[in-house]
Amino acid sequence: MKKMSAVMLISMLLMSLAVAQEVPKEYGKPLTVKKPTKISEILANPQTHDGKRVLVEGPVVDVCPKRGCWIQIGSDKEFEMIQFKVEDGVIVFPMEAKGLKVRAEGIVSVTTLTREQLIEQARHQAEEQGKLDEFKPESIEGPKTVIRLNGEGAIITK
Amino acid sequence: MPKIRWRKWNNILHRDIGYLVVALTVAYCISGIAVNHINDWNPNYRITKEFISIPPIHAESRDEIVAQARASLRLEKEPRNAFRPDPSTLQLFFEDKTVSIDLPTGNVLIERATPRRVLFEMNQLHLNRPKKLWTYIADLYALALLVVSVTGLFVLKGKNGITGRGAWLTAIGFVIPIVYWIYYISF
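Residues numbered from 1 in each chain as written. Chains lettered and ligands numbered in written order. Predicted model: local features only at pLDDT ≥ 70, side-chain atom pairs only at ≥ 80, totals over all residues. Heavy atoms only, no water.

### Side note on helix 1 (residues 6-36) of chain B
All names here are of chain B.
- Taking 1.5 Å as the rise per residue, helix 1 with 31 residues should run 45 Å; its terminal C-alpha atoms sit only 39 Å apart, a clear shortfall.
- Roughly 45 degrees is the biggest bend found in helix 1, and it falls at Val21.
- All buried positions along helix 1 are accounted for by Asn10, Ile17, Gly18, Val21, Leu24, Ala27, Tyr28, Ser31 and Ala34.
- Those residues of helix 1 that are buried lie in contact with helix 3 (119-126) and helix 4 (133-153). (Helix = DSSP H or I, 4+ residues; strand = E, 2+ residues; numbered from the N terminus. Expected span 1.5 Å × (residues − 1). Bend = angle between axes of the 7 residues up to and from the residue. Buried < 20%, exposed > 50% of the residue type's maximum accessible area, 1.4 Å probe, protein only. Contact = heavy atoms within 4.5 Å.)

Printed below as a string of structure tokens:
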């Protein structure tokens, strides 16, 4: 029994080490774009960047708490951020990434969502963040142009 | 020609590979149930929220706002980063918490996300987050599980074996997913 307990304890310790967070940490495909584009520039002129591959830099200001399937990257200008969305399970961002710096590469996507789509999206996000009780669909206005990056690779550093 | 004692070898394989896969099967089962209900809870992190109040902050520059907030909250440690998602909010990011301050009211939300001990690690392995070498270990585990399930069919002979009761139970195991799939694509 003692031997069994020791084996289980060592296994758990090894497991923890195996998935420990190291920084810098690479996610997804290696970055190929050398010159970063300012997030403020993408947000100011979305149509000229739509469909283009870009590299952006900034702080991670929010992380999908359940699936790690998106991060919000703070812009170089105040009050602005951009969502970096990745395919579920392909890249999983940890919540510990909040506040760290990220270099992220992806394709700019500019879409116009109807009010109904925006409500559905907001409801989903509120559900993920456990804030469904604060969700107020009547406060959502639309249609609205949504700019995000369909993410392919990222490096998170201190 | 000597008689091949295939059942003996079948049972040895079933027993020994069975021992090998116990740990991962238990881990994957627990993680499977946990992740299956991801819409109802967060299987990876325990998120705690604390609400406190500080005096409203009316400073102009970002540096001043951060300094005032840190002084009011007695946060001696330098934050990793500070961010203002909108003119009335300041977020301070620390290794173990995120502090969100509503500047005009002084309402503060302190959010801590702590990985759920052991379950977090199980989920990471189950969802193959480490990738690289773990992909091949997981493949080997799947093959081992296949061997255990197939050899399991032939462990017993007689009325409780695959030619008797075992056949019915195995058939039920096939029927459940097939019937559900037909129902799923029909409605």
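### Quick look at the packing of helix 1 of chain B against helix 4 of chain B
Residue and element names in this part refer to chain B.
- Running from amino to carboxyl end, helix 1 crosses helix 4 at an angle of 130 degrees, the nearest separation of the two axes being 8 Å. Compared by their axis directions, helix 1 and helix 4 come out oblique. Like other packed secondary-structure pairs, helix 1 and helix 4 cross with a definite hand, here left-handed. Seen from helix 1, the contacting residues are Asn10, Leu13, His14, Ile17, Gly18, Val21, Leu24, Thr25 and Tyr28; seen from helix 4, they are Trp134, Ala138, Tyr141, Ala144, Leu145, Val147, Val148, Thr151 and Gly152.
- Looking at the contact of helix 1 with helix 4, its residues break down into 12 nonpolar, six polar and no charged. (Axes fitted to C-alpha atoms, helices over the stretch in contact; angles between N-to-C directions. Parallel < 35°, antiparallel > 145°, perpendicular 65-115°, else oblique. Left-handed = near helix turned anticlockwise from the far one by under 90°. Nonpolar A, V, L, I, M, F, W, Y, C, P; charged D, E, K, R; others polar.)

### Quick word on the side chain of Ser109(A)
- If you trace the backbone, Ser109(A) turns up in strand 5 (residues 101-113).
- Setting aside chain neighbours within four positions, we find Ser109(A) in contact with Asp50(A), Val146(A), Ile147(A), Arg148(A) and Asn150(A).

### With respect to the interface of chain A and chain B
- Contact residues are listed per partner, giving 32 residues for chain A and 32 residues for chain B.
- Buried surface at the junction of chain A and chain B, both sides included, amounts to about 2600 Å², of which 57% is carbon and sulfur.
- Between Lys98(A) and Glu111(B) there is a salt bridge whose closest N-O contact spans 3.6 Å.
- Among the elements of the structure, helix 1 (2-18), strand 1 (25-28) and strand 2 (53-63) of chain A are those that each provide at least two residues to the side of chain A that touches chain B.
- In terms of residue class, the side of chain A that touches chain B is built from 16 nonpolar, eight polar and eight charged. (Buried area = accessible area lost by both parts, 1.4 Å probe. Salt bridge = Lys/Arg side-chain N within 4 Å of Asp/Glu carboxyl O.)

### Focus on the domain arrangement of chain B
- One can read the domain layout of chain B as domain 1 (6-39 + 117-186) and domain 2 (45-115).
- Computed from C-alpha coordinates alone, the two centres of domain 1 of chain B and domain 2 of chain B are separated by 47 Å. (Domains from an automatic or database assignment.)

### Quick notes on the packing of aromatic side chains
- For the structure on display, the rule yields nine aromatic pairs over all chains.
- With a centroid separation of 5.2 Å and 35 degrees between ring planes, the pair formed by Trp181(B) and Tyr184(B) is classed as tilted. Of this pair, Trp181(B) and Tyr184(B) both sit in helix 5 (residues 165-186), three residues apart, which is roughly one turn of the helix.
- In this structure an aromatic cluster arises from ring pairing among Tyr180(B), Trp181(B), Tyr183(B), Tyr184(B) and Phe187(B).
- Lys25(A) extends its terminal NZ or CZ atom over the ring of Tyr27(A), reaching a point 5.8 Å from the ring centre.
- The side chain of Lys97(B) reaches across the aromatic face of Phe94(B), ending 5.5 Å from its centre. (Phe/Tyr/Trp six-rings, centres within 6.5 Å; stacked < 30°, edge-to-face > 60°. Lys NZ or Arg CZ within 6 Å of the ring centre and 35° of its normal.)

### Things to note about the environment of Pro79(B)
Residue and element names in this part refer to chain B.
- Tracing the backbone through its elements, the reader meets Pro79 in the loop between helix 2 (62-73) and strand 2 (81-83).
- Considered as a pair, Pro79 and Pro104 are 25 residues apart in the sequence and their alpha carbons are 21 Å apart.
- Other than its neighbours up to four places away in sequence, Pro79 contacts Arg70, Leu92, Phe93 and Phe94.

### What to know about the environment of Arg67(A)
- Position of Arg67(A) relative to the elements: it lies in the loop between strand 2 and strand 3 (70-74).
- On the basis of relative accessibility, which here comes to 25%, the residue Arg67(A) falls in the partly exposed class.
- Taking C-alpha positions, Arg67(A) is 8.5 Å from Glu128(A), a pair spaced 61 residues apart along the chain.
- With residues near it in sequence (within four places) discarded, Arg67(A) still touches Asp88(A), Val92(A), Glu128(A), Ile38(B) and Asn39(B).

### Things to note about the pairing of strand 2 of chain A
Residues and elements named next belong to chain A.
- Strand 2 sits mainly inside the fold: eight of its 11 residues count as buried.
- Sheet topology places strand 2 next to strand 5; seven bridges connect them, and they run antiparallel. Residue pairing for strand 5: Val56 is matched across the bridge by Ala104.
- Sheet analysis places strand 2 next to strand 3, joined by three bridges and oriented antiparallel. The residue bridging Val60 from the neighbouring strand is Ile73, located in strand 3.
- Hairpin connection, strand 2 to strand 3: the antiparallel pair is bridged by six residues, and Gly68 has positive phi, about 65 degrees. (Pairing = 2+ DSSP bridges.)

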